[in-house]
Amino acid sequence: MTSRNDLSREKKELLEDVISGKVSFHKLDSMTDKKTAVMLRRFALEDGMDFNFDHIQNFSIDVEDASKRNIENMVGAIQIPLGIASSLKVNGEFAEGTFQIPLATTEGALVASVNRGCSVITKSGGANVRIFRDLMTRAPVFRLENVIRSKEFADWLQDPDVLSRMKAKASETTRFGELVDVQVFVTGNTVHVRFSYDTKDAMGMNMVTIATDAVLSLIKDEFGAIPVSLSGNMCTDKKPAAINSILGRGKTVVADVTIPAKLVEERLKCKPETMVEVNYRKNLLGSARAGSLGYNAHAANIIAAMYLACGQDPAHVVEGSSAITTMELAPYGDLYCSVTLPAMAIGTVGGGTNLGPQSDCLRLLGVKGSGNPPGSNSKKLAEIIACAVLAGELSLIGAQAAGHLARAHAELGR
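Since this is a predicted model, take the numbers as computed values, not measurements.

## Concerning the pairing of strand 9 (residues 324-329)
When strand 9 meets strand 10 (residues 335-344), the two strands line up antiparallel, connected through six bridges. Counterpart to Glu 328 in the pairing with strand 10 is Tyr 336.

Structure follows, in structure tokens:
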């Protein structure tokens, strides 16, 4: 490992300029190679401190690629333990077969819990899963002169000819993205316009932002409305919002499974009717009483762990956590369980999917890169994640129904 004493004279002088403030962290990237810039920023941070970094400099990701696509002022990398929940049988339209589930987390007992849920699902013949909606949104906001003008603008936006021209304008900015729908929401003289796009295998936020910006130039030229902001928070991106739960954003995915009563008793150590009651009083009544937008046990745990492992934007856990978990008694006393995830913002190209460790996890699931046909890989990943969430919900509700939650954490030393 290179130390400050090993630096060449030129690099030592550059480091002194950084420490003195003559050269900013950001400017370093244009004055030397990316690896050197990372190292010098780290040395500059250590200057005047009573410790040196012991770990953040140890990583395998490509510095050039990460600095170009994923991070600014890079000084190193944070490592998160990666575990595998095995094996999960998925009966989807895009994901069909048995998968090993990568989970990046620092929460002890999480992988063990999901692993148990995967085992129960697989022994029950696998989880069924379907995607009901797949659209990424961007919603600019406009201020019009008055409500009369707001109505004229809303009517104009709903004109089929106008929609055709907006679609054509959006298509000029992207090879794969497609403007599909436009919805208008009026509050006095304020008009929010929610544009929905098919973004194929990309999560698509950058894609839809650029496309919407192009459409706004058409709106300005043809109607004369000028946006206050390209994003008016009705998208709604990285914030809990009822509109995402109702209309969906990204992928709306539903997974379910029926577990034989005998298997519930053998593997989850409780009875189906007990799990039904825990889910009803905890996930449904408890969430409603709390005013929660998510009616689930811990969907965010699995979503966050898989997003981190697979190069997704972890901030989108917010939308993913608005899952609804249902449980009911099936014929013959078996347990029916489902999870509905109305807003999963994920992709298999772009963002963090290009980073080496995340690429490994995407390859493990067979979803790295663009699918054939386009969009099939991101849909496959969505189906797998939804089934993993189902596994996590089953395991945790089972543990609470059996009174095992605290004991499991205590036994694992967490």
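Moving on from the coordinates now.
## Here's the deal with a nonpolar patch on the surface
Where nonpolar side chains cluster on the molecular surface, the patch consists of Ile 78, Ile 80 and Leu 308 and spans about 270 Å² of accessible area. The residue Ile 78 is located in the loop between helix 3 (63-69) and strand 1 (82-91) in this model. Here Ile 78 falls in the exposed class, since its relative accessible area comes to 70%.

## Points about the pattern of salt bridges
Where charged atoms of side chains with opposite charge meet at close range, the side chains can pair. Scanning all chains against the criterion turns up 21 salt bridges. Residues Arg 249 and Asp 237 are paired through a salt bridge, measuring 3.2 Å at the closest nitrogen-oxygen approach. Separated by 12 residues along the polypeptide, Arg 249 in the loop between helix 8 (242-247) and strand 8 (250-259) and Asp 237 in the loop between strand 7 (227-229) and helix 8 bring together distant segments of the chain. Residues Arg 249 and Asp 237 agree in their burial class; the two are buried. For Glu 265, the salt bridge goes to Lys 271, with nearest N and O atoms at 3.6 Å. A relative accessible area of 39% places Glu 265 in the partly exposed class. Using a relative accessible area of 40% as the deciding quantity, one classes Lys 271 as partly exposed. The network of salt bridges with shared partners includes Arg 4, Glu 16 and Asp 47.

Rules behind the numbers
Residues numbered from 1 in each chain as written. Predicted model: local features only at pLDDT ≥ 70, side-chain atom pairs only at ≥ 80, totals over all residues. Heavy atoms only, no water. Pairing = 2+ DSSP bridges. Helix = DSSP H or I, 4+ residues; strand = E, 2+ residues; numbered from the N terminus. Patch = residues over 30% accessible without salt bridge, like charges linked within 9 Å, V, L, I, M, F, W, Y side chains within 5 Å. Areas by Shrake-Rupley, 256 points an atom, 1.4 Å probe, with all protein chains shown as cover. Salt bridge = Lys/Arg side-chain N within 4 Å of Asp/Glu carboxyl O. Buried < 20%, exposed > 50% of the residue type's maximum accessible area, 1.4 Å probe, protein only.

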